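A closer look at the structure
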Amino acid sequence: MEENAFSQAVIDAVEAKTDWYDHDVLPGLLEQYRLLHTCVKNIFDFLVKKSLITPDPYKLDRKISDIAAPENTSFSENERGVKIGMRFSDYESMIDFLCNYYKFSVSNLSLPSIKKLVDLNNTFTWNQFTPNSAKANTRGLAELVFRARMNLDTLTQSMVTDSLTKAAKALTEITRVLKELTEFQKENYKAQIRKNVFLYNGYDANAAARSPEAEMAEIKKHFVAAMGKTPFYNDLVEEIVQEDLSPNRLALQQTVLARLNVAPKVEKKKEIDTHAVILEAVRVLGALSPQLDAILQKLNENHGILESEHHSLFDRLKKLFRKAFHLADKPCFYTVIVGDGDAKRREKLDFHQFTAELATRSQRYAAFVLKDSQVFVNISAQKEDKILEFVIRQLTECNKLLQMLAALDDFFKQTAAPENKSKIKGIKMEITSIKNCLVKANQVRAEYEAYVEEAAQMRTLGIADEV
């Protein structure tokens, strides 16, 4: 194959494979990072709840603009909670940045960028997650997780195990894709030299063809002018020279083109499992549980602040007496303003009943995440229309719940004494997270209904097997 013909074949093949990566492979890589982030967030929230790590208090103030791996240096035993808390928090924030702001494309994922991602991925090695790990971060986090798993209830134990397992699988797949992308970027780099340097005004192809040394010299001569700030990788340029002028160049050329080949996509008629789709809406609702738990903790703390303002010593003694003898708390009613504008209304809220129902709802939603939980198994066994009714009911109830939570948030902030206002913990962030989760669950519900409607139309047309 003539040199210019081979160069054009490589350029065309690289462009085709770039399009394949951008549209078929890298969206999947992003989904793997999103799965990893969900697992990481579950483990992070679990350890914070167990008071085993200290979250970074300045986390929300930090602006992330590029990939950077947290420290992985050693630390003393008494520093573990703080160090792992900071590094795990930075790691979670960085993956969140990747999932929401980073562009997964061949043009953006250069060799240096891939190196940064690999360093970030190695912060915690989920597929080798043991207290005996040689890596300080993995070892420290594993020790905390294994300590926290002692004497856990079955539901929480399953959640932690499931998160660790899925994190390991996600990391393995991410590593595989990045390794293959690294090899492709090397060929892409060589193709850009063929495209930009070989066609650069002043490049002498005849002089370069005289010997390997001559071609190397000619490439170096025009590299900066043609490639700008692109680094010069001597080993990769040497490969170009070998592919053009070595005695076994034909074999090398065939190997390069075979490596760049993209197998034609075989379009398969995808059969939609509508039962699985509507169950996915149920599983999405499972993400509400950590947010509800966080809200419940803050509401109880805020309630305690208001109680401390008005209760006498005698009242506090009565409360301790009820707690000692496992007696129900005295009813506590708050009058809150629900709704906005003309739709505002006053409602009398039984705080203890409300928080008890909130805890029950959180526990039920937590079971949705585990496919083998009895709650999820029971829901799965129902017919699709019944599951749809259940999902719609949960969405309706949760939207009403959001109104009440917003009203309670305002109530605590407005009612607390001036000296206690700074102690009141707001729940706006959790409310926003719940709203986002409900939007996603509603989208899945809408997809389900669209599939069902399409299937009905197909049956009407006598094409029942086309969905």
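Keep in mind the model is a prediction, meaning the values are calculated, not measured. (Residues numbered from 1 in each chain as written. Predicted model: local features only at pLDDT ≥ 70, side-chain atom pairs only at ≥ 80, totals over all residues. Heavy atoms only, no water.)

1. Examining the overall build of the protein chain
Stated precisely, the cut-off is as follows: Here a strand is any run of E in DSSP of at least two residues, a helix any run of H or I of at least four, and the numbering for each starts at the N terminus. Throughout, the radius of gyration refers to the C-alpha atoms, and the reference size of a globule is 2.2 Å times the residue count to the power 0.38. When accessible area is computed with a 1.4 Å probe and restricted to protein chains, residues below 20% of their type maximum are described as buried, those above 50% as exposed, and intermediate ones as partly exposed. Note on contacts: a residue pair qualifies if any of its non-hydrogen atoms lie within 4.5 Å across the two residues. Note on areas: Shrake-Rupley, 1.4 Å probe, and residue coverage restricted to the protein chains presented here.
Each helix and strand counted, the protein chain has 16 helices and two strands in total. What you see for the protein chain is a C-alpha radius of gyration of 29 Å, clearly larger than the 23 Å of a compact globule of 467 residues, by over 25%. In terms of its C-alpha atoms, the protein chain occupies a principal-axis envelope of roughly 100 × 70 × 45 Å. The buried share of the protein chain, reckoned over its 467 residues, is 41%. For the protein chain, contacts bridging at least 24 residues in sequence account for 74% of all contacts bridging at least 6. For the protein chain, the accessible area works out to roughly 26,200 Å², and carbon and sulfur atoms hold 53% of it.

2. Topic: the pairing of strand β2 (residues 345–350)
Selection rule: Pairing between strands requires that DSSP locate at least two bridges from one strand to the other.
Judged from the six bridges that link them, strand β1 (residues 333–338) and β2 form a sheet pairing that is antiparallel. Bridge assignment links Y334 to a residue of β2, and that residue is L349. The hairpin turn running from β1 into β2, its antiparallel successor, is six residues long, and G339 in that turn takes a positive phi close to 95°.

3. A short note on the packing of helix α2 (residues 80–100) against helix α4 (residues 136–148)
How we decide: Angular values range over 0 to 180 degrees, each being the angle between N-to-C directions of two axes fitted as lines to C-alpha atoms, with helices fitted over their stretch in contact. The scheme is simple: roughly parallel for angles under 35 degrees, roughly antiparallel for over 145, roughly perpendicular for 65 to 115, oblique for anything else. The nonpolar class holds Ala, Val, Leu, Ile, Met, Phe, Trp, Tyr, Cys and Pro. Asp, Glu, Lys and Arg form the charged class, and all remaining residues, Gly among them, are polar.
Running from amino to carboxyl end, α2 crosses α4 at an angle of 110°, the nearest separation of the two axes being 10 Å. Here α4 runs roughly perpendicular to α2, going by the angle between their axes. Taken together, the residues of α4 that come into contact with α2 (itself represented by R80, I84, R87 and F88) are N137, G140, L141, E143, L144 and R147. When the residues that make up the contact of α2 with α4 are grouped by side-chain class, the tally is four nonpolar, two polar and four charged.

4. Considering the packing of aromatic side chains
Threshold: Classification of ring pairs uses Phe, Tyr and Trp, with its six-membered ring standing for Trp, and accepts pairs whose centres are within 6.5 Å; under 30 degrees between planes counts as stacked, over 60 as edge-to-face, and the remaining range as tilted. Note on criteria: charge over ring means Lys NZ or Arg CZ within 6 Å of the ring centre, with the direction from the centre no more than 35 degrees off the ring normal.
Applying the stated rule across the entire model yields 25 aromatic pairs. Grouped by ring-pair contacts, the aromatic residues F44, F88, Y91, F124, W126, F129 and F146 constitute a single cluster. The ring of F376 is capped by R283, whose NZ or CZ atom sits 5.8 Å from the centre of that ring. Across the ring face of F333, the terminal group of K348 is positioned such that the distance to the ring centre comes to 5.1 Å.

5. Describing the nonpolar core
Convention followed: By nonpolar core we mean a set of buried residues, namely Ala, Val, Leu, Ile, Met, Phe, Trp, Tyr and Cys, connected to one another through side-chain atoms within 4.5 Å.
Y33, L36, L47, F88 and W126 are the most contacted members of the largest nonpolar core, which has 60 residues in total. Secondary structure elements with two or more residues in this core: α1 (3–49), α2, α3 (111–121), α4, α5 (154–196) and α9 (249–260). At 17 residues, the largest contribution of residues to this core is made by α1. Not counting the four nearest positions on each side in its chain, L47 is found in contact with L52, I53, F88, L141, L144, V145 and A148. Counting 50 residues, the second-largest nonpolar core is a separate cluster that includes I278, V336, L358 and C398.

6. Quick notes on the packing of α5 against helix α7 (residues 212–227)
Axis separation between α5 and α7 bottoms out at 10 Å; the angle between their running directions is 90°. Viewed along their axes, α5 and α7 adopt a mutual orientation that is roughly perpendicular. The residues of α7 that touch α5, namely those facing Y189, Q192, I193 and N196, are I219, F223, A226 and M227. Looking at the contact of α5 with α7 residue by residue, the class counts come to six nonpolar, two polar and no charged.

7. Brief notes about the pattern of salt bridges
Side chains that differ in charge, positive against negative, can pair when their charged atoms come close. Selection criterion: One speaks of a salt bridge when a side-chain nitrogen belonging to Lys or Arg is within 4 Å of a carboxyl oxygen belonging to Asp or Glu.
In the structure shown here, the tally under the stated rule is 27 salt bridges. The partner of R361 in a salt bridge is E397, and the shortest N-O contact between them spans 3.1 Å. Taken together, the residues R361 in helix α13 (residues 351–368) and E397 in helix α15 (residues 384–415) connect sequence positions 36 residues apart. With a relative accessible area of 14%, R361 lands in the buried category. Using a relative accessible area of 29% as the deciding quantity, one classes E397 as partly exposed. Among the charged side chains, a salt-bridge network with shared partners connects E187, K190, R194, E239, E243, D244 and R259.

8. Section: helix α8 (residues 234–245)
Our working definition: Given the number of residues in a helix, its expected span is that number minus one, multiplied by 1.5 Å. By construction, the arc corresponds to the directions joining the helix axis to the C-beta atoms.
The first and last C-alpha atoms of α8 sit 16 Å apart over 12 residues, in line with the 16 Å expected at 1.5 Å per residue. Of the residues making up α8, those classed as buried are L236, V237, I240, V241, E243 and D244. Down the axis of α8, the buried side of the element spans an arc of 165°, and every buried residue falls inside it.

9. So, the environment of K190
Mapping K190 onto the fold places it in helix α5. For K190, a relative accessible area of 2% gives the class buried. C-alpha of K190 to C-alpha of E238: the two residues are 48 residues apart in sequence and 9.8 Å apart in space. Setting aside residues up to four positions removed in sequence, K190 forms contacts with L236, E239, I240, E243 and V256.

10. A look at unusual backbone geometry
In the Ramachandran plot, S51 falls in the positive-phi region, its phi being about 60° despite a non-glycine side chain. Within the secondary structure layout, S51 lies in the loop between α1 and α2. Since its relative accessible area comes to 62%, S51 is described here as exposed.

11. Observations concerning the environment of F333
Relative to the helices and strands, F333 resides in strand β1. With 163 residues separating them in the primary sequence, F333 and A170 have C-alpha atoms 47 Å apart. Not counting the four nearest positions on each side in its chain, F333 is found in contact with K348, L349 and D350.

12. Considerations on the state of the cysteines
Worth spelling out the cut-off: Criterion for a disulfide: a pair of cysteine sulfur atoms at a distance within 2.5 Å.
Going through the model one piece at a time under the given rule, you end up with zero disulfides. Of all cysteine sulfurs in the structure, the one in C99 sits closest to C39, which takes part in no disulfide; the separation is 11 Å.

13. Overview of the environment of I434
Inspection of the secondary structure puts I434 in helix α16 (residues 428–460). Taking the relative accessible area as the measure of exposure, I434 reaches 3% and is therefore buried. As for I434 and H275, which are separated by 159 residues in sequence, their C-alpha atoms are 24 Å apart.

None of the figures reported here should be taken as evidence of function without further support.
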